[in-house]
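The lines below spell out each chain.
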Amino acid sequence: MRDLTEKALETCSKEGASYADIRIVTIKDEDISIKRGNIQALNITNIKGFGIRTIANGGLGFAGSYLVTPEEIKRVAKLAVRIGKASGATRKKPIEFVDVKAVEDSYKTPFKKDPFSVPTEEKIEILVEVDKRLKEYNPDVIKMTQSDYRGHREEKIFASTEGAYITQQITFAGGGFSCTAISPGTQPQRRSFPGSFRGNFSAEGYEYFESLNLLENVEKTAKEAIALTEAKACPTEKTTLLIDGHQLMLQIHESCGHPTELDRVLGTEAAFAGTSFMTPDLLGKLQYGSEHVNMVADSTSLTGLGTYGYDDEGVKAKKVDLVREGLFVGYQSSRETAAIIGLEESSAGMRADNPQKLPLVRMVNINLEPGDWKRDEIIADTKKGILMSTNKSWSIDDKRLNFQFGTEIAWEIVNGEISNIIRSPTYTAITPEFWGSMDAHSKDDWKLLGTPNCGKGQPGQVMYVGHGCGTARFHNVRVGITKEATATDGVQ
Amino acid sequence: MEFNKELLLEKGQFVLKEAEKLGATQAEVTISMRNSALTRLANSIIDQNVAERHATVSTIIYIGKKKGSTSVEVLDKDSLKQAIEQAAKIAKISPENKDFKSLPGPQKYSTEISIEDFVSKNTLNATPEQRAEFATLAIDSAHAIDKRINAVAGAISHIAVENLIMNSLGVEAYEKGTGSNVNLTVLAEDGKEQTAGWSADNRKDFTELHIQEVAEKAARKAADGFGMKYLEPGEYEVILEPAAVGGLMFFMSYFGFSAMMYQDYISFLRDKIGDKLFSEKLNLWDDSFDKRLVYQALFDDEGYPKSKLEMITKGVVKNLAYDTLTADKDGVKSTGHNAKFRGRSMPFPGNLLISDGNSNLDEMIAETKNGILVTHFHYQNAVNPTKGIFTGLTRDGAWYVKNGEIQYPLRTLRYTDSVLKFLANIDLIGKYMDLNDTQAKVPPMKLPAFTISGSQKE
């Protein structure tokens with residue numbers, strides 16, 4: 001492969017590129033899904049390809065292809081330089097990169113059991129059994145069942161005209177299940193385990209999927225789905241809100257992860273995903289949250305879906321403060337975006353979801369650092385409130401200020417104890433006001449969770465990212481947006 | 001990109017023969033060749049500029065009711081052979097899909113339209129330099145509208161695709177096509193506030209994109225956006241421009257009319273087929289043969305012929321969209337709406353049209369007592385799909401309208417409401433507009449009641 005990367009970079013230089021890099025990537029993915037007792041997906045994906053990025057005439061060019069042959073690499077290298085030159089013609093000043101130490105290195109996310117060595121039959125057997133037990137729990141009410149497994153591996157080679165040559169292997173695995181309870185005269189109610197979006201995922205091997213203990217959680221999950229069909233609706237009011245990990249992770253993702261992506265802040269996503277209220281003039285000045293809020297972008301945390309050795313620009317993984325004691329202090333960045341606002345180095349945030357795609361600033365592991373509380377202490381300390389769990393719906397504006405989320409389930413908290421189940425929970429708030437009201441975050445249930453579904457960019461890319469968090473408490477939050485509660489619910 | 005049907009046929013036949021050798025009782029292969037390029041603008045320069053060349057081969061093997069599938073980005077015979085062997089191997093260990101009856105048999109495809117009409121040579125031959133010229137035209141045109149314009153963002157793109165679907169029962173479906181798009185968000189700033197305007201256009205022929213018109217329209221919206229005010233949450237009349245209607249229809253179609261969503265108890269139309277749920281003025285259908293649409297197709301992702309699907313006629317819910325699996329489950333025929341994505345599939349009607357009316361935006365504004373005018377929506381999502389409750393935010397231009405006149409621009413607003421409520425009554429439907437700013441062919445419309453649930457002030 002080194003011959004190919006060297007030839008590609010030579011061609012780029014010869015064609016007039018002042019900088020070039022190439023990624024040659026293979027991706028293997030195993031996706032299994034059982035739905036209502038039937039196989040829904042049993043699919044193996046194998047992708048191989050390359051992408052070449054150039055700076056020519058001061059502009060950035062990129063081209064990629066599925067065909068990893070010397071002839072195609074030469075053609076694509078020339079095209080990437082030509083595209084760079086065309087881009088450069090519209091620029092007011094040439095693109096600049098902050099420095100990076102070019103290294104030769106290799107990196108591998110650790111695992112105990114290779115997900116691709118475990119027989120597919122074994123995975124199917126577990127999923128079928130989960131599906132069967134969900135249905136059997138109450139066949140008259142549990143009408144929809146689904147269980148999922150996914151294993152994923154990327155082998156990447158990165159080489160640049162600066163002399164970098166890095167090989168990496170990234171592996172993740174995980175899964176989960178969901179069921180929907182339907183009772184005459186009530187709305188269908190879904191419960192998932194361990195989280196929505198087909199479960200949870202970790203940069204580990206098959207041992208992570210095993211550790212989820214899906215079978216042991218069937219009964220509790222089905223029971224909650226059925227209980228939801230008889231539960232009262234979420235009241236419409238302002239209240240104290242507790243959010244646990246499988247909702248808090250998306251709250252962090254949408255209201256801190258995306259708005260601190262520096263490419264987005266600088267306008268790259270202005271016509272698509274949007275911009276950000278966290279502009280460079282507010283860096284070090286904006287009180288983003290309360291003193292209890294500490295957020296980091298950490299691509300070094302073991303087992304996170306945003307964990308790697310080097311990003312797709314060859315920058316070594318690192319941990320960067322985004323919010324420290326509530327103050328907005330940092331960005332997720334690339335070599336280009338860091339240079340634009342005068343940062344000394346990139347946060348190592350560049351990744352592409354496919355060899356033929358341009359790397360973008362993508363979330364790594366965006367973690368809310370653990371607080372001093374235990375989950376039960378937060379509940380015991382809450383006189384009246386609502387505890388919400390497991391994301392169901394999400395939406396946030398283009399500057400990442402106004403958000404609205406819905407969760408699968410919630411519970412009333414009365415005098416420090418968990419009380420009745422609540423259905424159709426929703427909440428809405430404005431980002432800094434919301435994080436400004438956080439006064440407690442737990443450490444005992446803090447987990448590094450992962451979602452492989454983060455969309456960004458034109459052409460669109462879907463990236464896998466991590467979020468570490470526990471259970472947090474927020475005050476004076478508007479809940480019950482859909483106003484579904486009625487007098488018969490006894491809560492209005 | 002040069003199309004090569006013979007190459008695709010050769011590869012397709014190879015896959016089916018190999019599958020048969022490995023014991024497949026039925027097999028399907030989809031070969032997709034795709035060349036695309038996209039020039040992305042930000043801050044009035046070309047910020048990203050990419051070209052991609054993809055070749056995807058997806059193989060499905062059935063052994064009885066057991067299914068295995070692989071998807072690979074390779075075309076050489078050895079790699080394909082490996083992929084077929086892998087699909088056969090997993091089919092052997094797969095549990096049975098009791099709902100599966102058969103892949104589709106040989107099909108006849110419409111001769112009303114020719115696939116040659118799906119292709120524009122100008123798009124096939126588009127270059128990075130042409131995209132850069134269009135980018136410069138967009139930037140210059142937008143800045144010429146108003147001195148306060150400070151950034152042009154967006155994308156100018158084109159794509160050429162070639163697809164072959166073959167199965168062991170005799171399906172042989174081939175089509176090719178091109179498409180192109182420009183979408184621009186223009187930002188303006190006066191030192192006190194930043195405004196935004198948006199517009200877009202879609203064409204088969206890259207050279208026919210209305211670059212200047214799109215840039216000027218987006219820039220005018222941005223220039224007209226100064227002096228934004230907050231609006232209290234509540235119920236308002238709403239005037240939806242076509243892109244706003246198109247966005248709503250996408251979610252309505254996905255969550256409501258897909259037979260899979262219906263069978264999974266997610267659809268808000270459950271047990272309501274045949275009911276009059278919407279305004280008599282509303283006619284919604286899917287028709288991939290309609291030449292008014294930019295993108296057309298002869299068949300769906302399993303090679304089943306597309307057919308016109310009446311979805312809402314005079315407010316009455318008529319039909320769901322089916323593929324073979326969901327159709328077999330309900331004992332009906334597929335409507336030709338299978339859509340495959342990342343190894344999974346579902347029926348989805350994506351070639352949408354709404355019949356137009358005689359009104360226009362000016363008349364709608366004149367008829368509005370207390371309402372809002374919306375360019376398009378951002379980040380829409382289902383809050384409660386079983387009740388048809390969706391949410392989303394206004395973006396790139398919304399205005400408050402009172403007593404027949406536009407009063408002032410509005411800061412971002414969030415709606416949270418049920419389609420079953422806000423489409424139950426429609427005041428006015430307009431004529432189709434010139435730009436294809438959404439892939440659906442939809443007119444603007446005015447609704448009497450739409451719930452605004454929040455703003456950036458909350």
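Structure first, text after, so check above.
We now turn to the structure provided with this report. Residue numbering note: each chain is counted from 1, following its sequence as written. Whichever chain is written first is A, and whichever ligand is written first is 1; the rest continue in order. For this predicted model, a pLDDT threshold of at least 70 governs which residues receive local features, and a threshold of 80 or more governs which side-chain atom pairs are given and counted, while totals over whole chains, interfaces and linings are taken from all residues. Computation of side-chain values covers all heavy atoms of the structure but excludes hydrogens and water.

What to know about the interface of chain A and chain B
- Chain A puts 93 residues into the contact, and the matching count from chain B is 77 residues.
- Each of two parts loses accessible area, computed with a 1.4 Å probe, when they are put together; buried area is these two losses added. Regarding the contact of chain A and chain B, the summed buried area is about 7100 Å², with carbon and sulfur atoms giving 48% of it.
- Any carboxyl oxygen of Asp or Glu within 4 Å of a side-chain nitrogen of Lys or Arg constitutes a salt bridge here. Seen at the junction of chain A and chain B, the total is 9 salt bridges.
- In this structure, R395 of chain B and D398 of chain A form a salt bridge, with 3.7 Å as the shortest nitrogen-oxygen distance.
- For helices the rule is a DSSP run of H or I covering at least 4 residues; for strands it is a run of E covering at least 2, with both sets numbered from the N terminus onward. Broken down by element, the side of chain A that touches chain B gets its largest block of residues, 11 residues, from strand β2 (residues 38–56) of chain A. In this description, contact between two residues means that some pair of their heavy atoms is separated by no more than 4.5 Å.

Re the sheet that holds strand β8 (residues 284–286) of chain B
Residue and element names in this part refer to chain B.
- With antiparallel pairing, the 4 strands of this open sheet are ordered in space as β10-β9-β8-β13. Strand pairing shows two members of the sheet lacking a second neighbour, β10 (316–317) and β13 (352–354), which therefore form its edges.
- A pair of strands is considered paired only if DSSP assigns at least 2 bridges between the two. Pairing between β8 and β13: 3 bridges, direction antiparallel. In the sheet register, L284 faces β13, and the bridge partner there is I354.
- Lines fitted to C-alpha atoms define the axes here, with helix axes fitted over just the stretch in contact, and angles between the N-to-C directions of these axes take values from 0 to 180 degrees. Against the sheet, helix α6 (residues 242–257) touches β8, β9 (309–313), β10 and β13, its axis set at about 120° to β13.

Description of the pattern of salt bridges
- Scanning all chains against the criterion turns up 54 salt bridges over all chains.
- Note that E310 of chain B is salt-bridged to K308 of chain B, the shortest N-O span being 3.8 Å.
- The cut-offs for exposure are 20% and 50% of the maximum accessible area for each residue type, with area from a 1.4 Å probe on protein chains only; residues under the lower value are buried, those over the upper are exposed, and the others partly exposed. Look at E310 of chain B and you get partly exposed, because its relative accessible area is 30%.
- As a salt-bridge pair, D417 of chain B and K421 of chain B come within 2.8 Å of each other at their nearest N and O atoms.
- Connected through shared salt-bridge partners, R190, R191, K220, E224 and E408 of chain A make up one network.

Let's talk about the side chain of D263 of chain A
All names here are of chain A.
- Looking at the element boundaries, D263 is found in helix α7 (residues 262–265).
- On the basis of relative accessible area, D263 is assigned to the buried category, the value being 4%.
- When residues no more than four places from it in sequence are discounted, the contact partners of D263 are T268, E269, T337, L360, V361 and K456.

Some thoughts on the packing of aromatic side chains
Residues and elements named next belong to chain A.
- Side-chain rings of Phe, Tyr and Trp (the six-membered ring for Trp) are treated as a pair once their centres are within 6.5 Å; stacked means planes under 30 degrees apart, edge-to-face means over 60, and tilted covers the remaining angles. Tallying each qualifying case throughout the model produces 37 aromatic pairs over all chains.
- Measuring from centroid to centroid gives 6.5 Å for F277 and Y288, while their planes differ by 10°, and the two rings are stacked. A residue pair is termed long-range when its members are at least 10 positions apart, and F277 in the loop between α7 and β11 (295–298) and Y288 in the loop between α7 and β11 qualify at 11 residues.
- Owing to a relative accessible area of 11%, F277 belongs among the buried residues under this scheme.
- Each residue in the set F277, Y288, F403, F405, Y427, F434, W435 and F474 is aromatic and connected to the rest through ring pairs, giving one cluster.
- Here, a charge over a ring is recorded when the distance from Lys NZ or Arg CZ to the ring centre is within 6 Å and its angle to the ring normal is within 35 degrees. Above the plane of the ring of W373 lies R473, whose end atom (NZ or CZ) is 5.3 Å from the centre.

Points about the environment of N338 of chain B
All names here are of chain B.
- By the secondary structure assignment, N338 is in strand β11 (residues 338–341).
- Separated by 105 residues in the primary sequence, N338 and P443 place their C-alpha atoms 26 Å from one another.
- With sequence-adjacent residues up to four places away left out, N338 is seen in contact with D300, D301, E302, Y322, D323, S345, M346 and P347.
- At 2.9 Å, the side chain of N338 and the side chain of D323 are in polar contact. Definition of a polar contact: a pair of N or O atoms within 3.5 Å, with one able to donate and the other able to accept a hydrogen when the atoms are protein atoms, and with sequence-neighbouring residues admitted only if both atoms are side-chain atoms.

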